[in-house]
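Next come the chains, spelled out residue by residue.
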Amino acid sequence: MSSGGVVEHFSYIVTVFLMVAGLYVVMARGNLIKKLVGLSVFQTSVYLLYIAPGKLIGGTAPILAPQYTVYSNPLPHVLILTAIVVGVATLALGLAITVRIRETYGTIEEDEIIAADNAVQVAEDVRS
Amino acid sequence: MSALALAFVIPLLGAVGIALAGKSPNLRESITLATAVLLFGTVLQLLDPVLAGERPELVLFEILPGLSIAFKVEPLGMLFGLIASGLWIVNSVYSIGYMRGNDEKHQTRFYVCFALSLASALAIAFAANLLTLFLFYELLTLMTYPLVTHAGTDKARAGGRTYLAILMGTSILFLLPAVIYVWHLTGTTEFQAGGILPANMDKGEVAILLALFMFGIGKAALMPFHRWLPAAMVAPTPVSALLHAVAVVKAGVFSVVKVVVYVFGIDTLTGATDWLVAISGFTIIAASIVALNADNLKRRLAYSTVSQLSYVILAAAILAPLSIVGAALHIAAHAFGKITLFFAAGSIYTAAHKTEVSQLDGIGKRMPWTMAAFTVGALSLIGIPPFAGFISKWFIMSGAWATQNVLAAAVILASTLLNAAYFLPIVHRAFFRPLSAEAEQHPHGEAPLPMLIALTFTAVLTTAMFFFPDTALRLAEGVAASLKAMPE
Amino acid sequence: MSLSVHLPALQVVLPLLSAPLAVLLRHGGFAFAIVTAGAWAAFAIAIGLWLQVGESGTISYHIGSWPPPWGIEYRVDRLASFVLLLVSGIAAIVLPYSRASIEREVPRDLHYLYYAMFGLCLTGLLGIVITGDAFNIFVFLEISSLSTYVLIAMGRDRRALAAAYRYLIMGSIGATFIVIGIGFLYLTTGTLNLVDMAERLRAVESSRPVLAALAFITVGVSLKLALFPLHQWLPNAYTYAPSAVTAFLAATATKVSVYVLIRFWYSVFGESLIFEKLPLPQILLLLSLAAMFVASFTAIFQDNLKRLFAYSSVGQIGYITLGMSFDSVNGLNAAILHLFNHGITKAAIFLLIGGMVLGLAKAGAVPPAPTFDRLAGLAKRMPLTCFGIVIAGLSLIGVPGTAGFVSKWYLILAALEKGQFWIVGAILLSSLLAIAYVWRFVEVAYFKPAPEGTTRQEAPLSMLIPAWILVIGTIWFGLDTSFTVGTATEAAQQLVKVGR
């Protein structure tokens, strides 16, 4: 890496920060909703990872016209459009499952769910 | 269909028939007997061609190049096949008496598994390569497992677990790597006269490979992997008689001889078997001493089997053509003798409900036929003429002399004394001691007739083999001749 | 233009079409018919592709006639054709089975959605295998993953929801790792086409972004394939999902992930980077051994039969990755073989367990978990089911004459080739663990007395027949190996040649 890192690599630093922060939230939080929020942040960091290098300052959409010579790479944008759809779908599904968990378990705290499962296990053992 | 193929098809069809006839005991047992007789007849058909030098073959599948499920009859397999299928007839007669006399449950499963075990034993006998041998060796373990745990009690299940753990464990941990290593070295697992391993193999490597084989073939009950055999004694006596005196244990020592003769060959092995002589000698003596102290009759017989099996291993390890003849003959001689002894033990249990040696005082007066047969079996195993055991021991001894193997000769002599020490007191008790007070109050006679017929017949066989050893001897000599590669 | 040219596209498109149709029809029966038809068509196409590859070598199909590297390429080589066969074949067998199986295990008003999700999942898995475009892999991966989460959550036990959620989190992290890795590769090479990417990577080999990409992709895929110790999501997901789903996933989902790993390692990064410059094989070797022992050992002590075999799956995946760690044709061959052989074996077992739990249920009730205390003397009641599990169990152990033996044979051969005898010992030792857990079932089912009044009551034929097709398959591929070994060897040689 050359000098002047911080400004030059600003977008990367943000990306890495989001990535790590998201992943941390997923792992450290016991609340199922917060975990999903973390997951979304984590996935969003990837969007940035793809798009930032594809964008040139002053570049335009790649439409051939005599007055433009600098174009942004459109491919990352297209890819990330797909990834966003995937991310939204994941989030929606995760939330839907959380709702169902709340309906059956009566809680969305991970440790309480585990405790409830263990209780069921013990009850089964006793019965058998 | 060739006789060889029929030898597998008949017991399989028999098993299906037995399973279908489960509702009607008479029909079921007729099918068992018919299957046994037919099977013996089929195997007998192979005898003349084999004696004439033919080697009938059958290839079932070629799994990978050089790796197939195939069968090929040679003299040793012929001998083993004849013994197993022949004694199955006798044992079926005996089983009928025993299973009915003791009101055993799950009799259909019993007969089905028996037929399948026999099919596996024959497949081992006729295996043309190590892979086939290994496959059916495992199948035999699996098929006999339900027979061992037959009673379904916790003790039976525990015995079954030991049985399975040792047999499966040793075969997968030692035998399989040995088979793979042979394939790795030679690109084949085919049995061949004179062996398939190169004669100039490093002796240390040979010794390691031999050790993998010898301990991997757990069914040969070489110490320290002999514990499964006493554990298997929880099974009903017909199972102990045919499987754990004949089919299963003989499959073990048969495999040992087969591997020594047809995989290694005398040239490769020379100089690499001293440790095997020592350890099989140790097994012979140690097992005899345990037998000496065992009060339970079946346990004593089981340890006697452990000891007698190592005779065969010892004989193979001596590496003299004469001792190989002895090894092959001992497979037959011990089979006849030990099945007689087990039959007798089962009769005693059925008629008198006695299981311990110390309870047998004076029983010879009430069960003269049974105890007479027992005496014949015992004398044969000690090696006294005119019984079969004498011949095989003679050949093993001659082999030991021929190679100046003092250790082996000493072991054989010492063990003969030990054999006498643990068998003769039983005979003495039965015939020369008065009945105990407790036994006086529970009168009983001989066991049911089918059982008597069976044990008399095997006692006669034991004697007959001494006077007419011709067929067995010719087969055994055929095996010894294969020690060196024949120009084909 | 003949239709056969478009088989690669149809392979994915037909099951993809079946899914929305199933949703539109909103009827369990129609949905079943249409998705099953889609799966069977996919199976037929996979056979066709396998034959085509045999005749004319690797197929390259250009979506929309845009030539690669600009357009998306579908690429079918030997390995891809083999995995396509496995995935579509298992789907074609599991779907007819589903009909009776989900009757009790999934609420009836959800049946049409079940089939739709199944169709999508199949589409995703087939797509991952067939595509030659890195980003496409990610998209298909997510299609299959999202539908998998839904399928697992359909289980009646509420723990299925927790398992699905957990898998969703772990799976999404894995997928995101993969897409980060692909992003790095794209940034360094400027292409997404795998073949093109591989060529350009040769120039920049082992620059830092490439190594980062390798790390992200390897970890991400390892999560999806449940490489020890990243397998935590698997046991619960397999245990509480509906039986048919468990069978399908066990046979295909992890296997496809293995395919992705092989594809990236051998076809994209190249062997010299993976095996010579990095300590990856050593790491993989250790993790595989850990899986073989720890997971198999854990399996022995499980009380729920489904969970027992779920842990066994983790252990068996260890064999597959062990094969990959050898860096030899025989090792890769063993991995590919075991991928296939274990797939059909495990599918057979889970299908049979599905029939079993149905038999354990009281009339009309939700099937209970197959815990050992419920299985006493089961062989008397369901002889065919139990016998099938025993045979498949023998294949897990690796008894000769079963499919499991063939793959283990090659695995051991690969270890011998390397002169590493202790690995041979480890492989055999871990087989003993397999005996232990299979035998627990045998003892309980065959030798514990059945409850009083037990009568013979087998699972319905529509479940037994598919399961037994696979059981017979495990024996068939243990005896006649020309198809499996032939294809796997060819695939392994092709990959190793390209990777060098």
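For the structure itself, look to the data block above.
Residues numbered from 1 in each chain as written. Chains lettered and ligands numbered in written order. Predicted model: local features only at pLDDT ≥ 70, side-chain atom pairs only at ≥ 80, totals over all residues. Heavy atoms only, no water.

Let us look at the pairing of strand β1 (residues 59-62) of chain C. All names here are of chain C. Side chains Ile59 and Tyr61 of β1 all project onto a buried face; the interleaved residues Ser60 and His62 project onto a face where none is buried. In the sheet, β1 pairs with strand β2 (residues 73-76) via four bridges, with the strands oriented antiparallel. Note on β2: the bridge partner recorded for Tyr61 is Tyr74. (Buried < 20%, exposed > 50% of the residue type's maximum accessible area, 1.4 Å probe, protein only. Helix = DSSP H or I, 4+ residues; strand = E, 2+ residues; numbered from the N terminus. Pairing = 2+ DSSP bridges.)

This next bit is on the interface of chain C and chain A. Counting residues at the interface gives 30 residues for chain C, matched by 39 residues for chain A. Summed over both sides, the interface of chain C with chain A buries roughly 3100 Å², with 75% coming from carbon and sulfur. Of all residues in chain C, C:Arg158, C:Arg159 and C:Tyr165 give up the largest surface area on contact with chain A, accounting jointly for 23% of the area buried on that side. Linking chain C with chain A are zero salt bridges, by the criterion used here. Applying the counting criterion to the chain C and chain A interface returns five residue pairs in polar contact (both at pLDDT 80 or more). (Contact = heavy atoms within 4.5 Å. Buried area = accessible area lost by both parts, 1.4 Å probe. Salt bridge = Lys/Arg side-chain N within 4 Å of Asp/Glu carboxyl O. Polar contact = N/O pair within 3.5 Å; in protein donor to acceptor, adjacent residues only side chain to side chain.)

What follows deals with empty space enclosed by the protein. Tallying each qualifying case throughout the model produces six cavities of 30 Å³ or more. Quantified by volume, the largest cavity comes out at close to 100 Å³. Elements supplying a minimum of two residues to the lining of the largest cavity: α5 (130-148) and α6 (154-186) of chain B together with α17 (403-417) and α18 (421-447) of chain C. With four residues, the single largest contributor to the lining of the largest cavity is α17(C). Here the residues of the lining of the largest cavity sort into 11 nonpolar, two polar and two charged. (1 Å grid on protein atoms, 1.4 Å probe; cavity = no way out; pocket = protein on both sides within 12 Å on 5 of 7 lines; lining within 4 Å. Points joined across faces, edges and corners; volume = space filled by probe spheres on them. Nonpolar A, V, L, I, M, F, W, Y, C, P; charged D, E, K, R; others polar.)

The next thing to look at is unusual backbone geometry. At the junction of B:Met223 and B:Pro224, the peptide bond is cis and its omega measures out at 10 degrees in the coordinates. Residue C:Pro229 is bonded to the preceding C:Phe228 through a cis peptide linkage, with omega at 0 degrees. Backbone geometry places B:Gln404, a non-glycine residue, at a positive phi of 60 degrees. Checked against the element boundaries, B:Gln404 lands in the loop between α15 (388-402) and α16 (406-432). Look at B:Gln404 and you get exposed, because its relative accessible area is 65%. Positioned with a positive phi, C:Arg26 is a non-glycine residue whose angle comes to about 50 degrees. The residue C:Arg26 is located in the loop between α1 (7-25) and α2 (28-56) in this model.

Turning to the interface of chain B and chain C, a few remarks are in order. Each side of the interface is counted separately: chain B has 28 residues, and chain C has 28 residues. Carbon and sulfur atoms make up 81% of the surface buried where chain B meets chain C, a total of about 2600 Å² over both sides. At the boundary of chain B and chain C, one finds one salt bridge. The residue C:Glu443 makes a salt bridge to B:Arg161 at a minimum N-O spacing of 2.8 Å.

So, on to the pattern of salt bridges. All names here are of chain A. In total, this model carries 12 salt bridges over all chains according to the counting rule given. With its nearest N and O atoms 3.7 Å apart, the salt bridge here joins Lys35 to Glu110. Here the residue Lys35 occupies a position in helix α3 (residues 32-54), and Glu110 occupies one in helix α5 (residues 110-127), the gap between them amounting to 75 residues.

Our focus in this paragraph is the packing of aromatic side chains. In the structure shown here, the tally under the stated rule is 43 aromatic pairs over all chains. Seen from their ring centres, B:Phe110 and B:Phe114 are 5.3 Å apart, and the 65 degrees between their planes marks the pair as edge-to-face. Taken as a pair, B:Phe110 and B:Phe114 lie in helix α4 (residues 107-125) at a separation of four residues, close to a single helical turn. Judged by centre distance (6.0 Å) and plane angle (55 degrees), the ring pair of C:Tyr114 and C:Phe118 falls under tilted. Taken together, the residues span about one helical turn, with C:Tyr114 and C:Phe118 both in helix α4 (residues 111-130) at a distance of four residues. (Phe/Tyr/Trp six-rings, centres within 6.5 Å; stacked < 30°, edge-to-face > 60°.)

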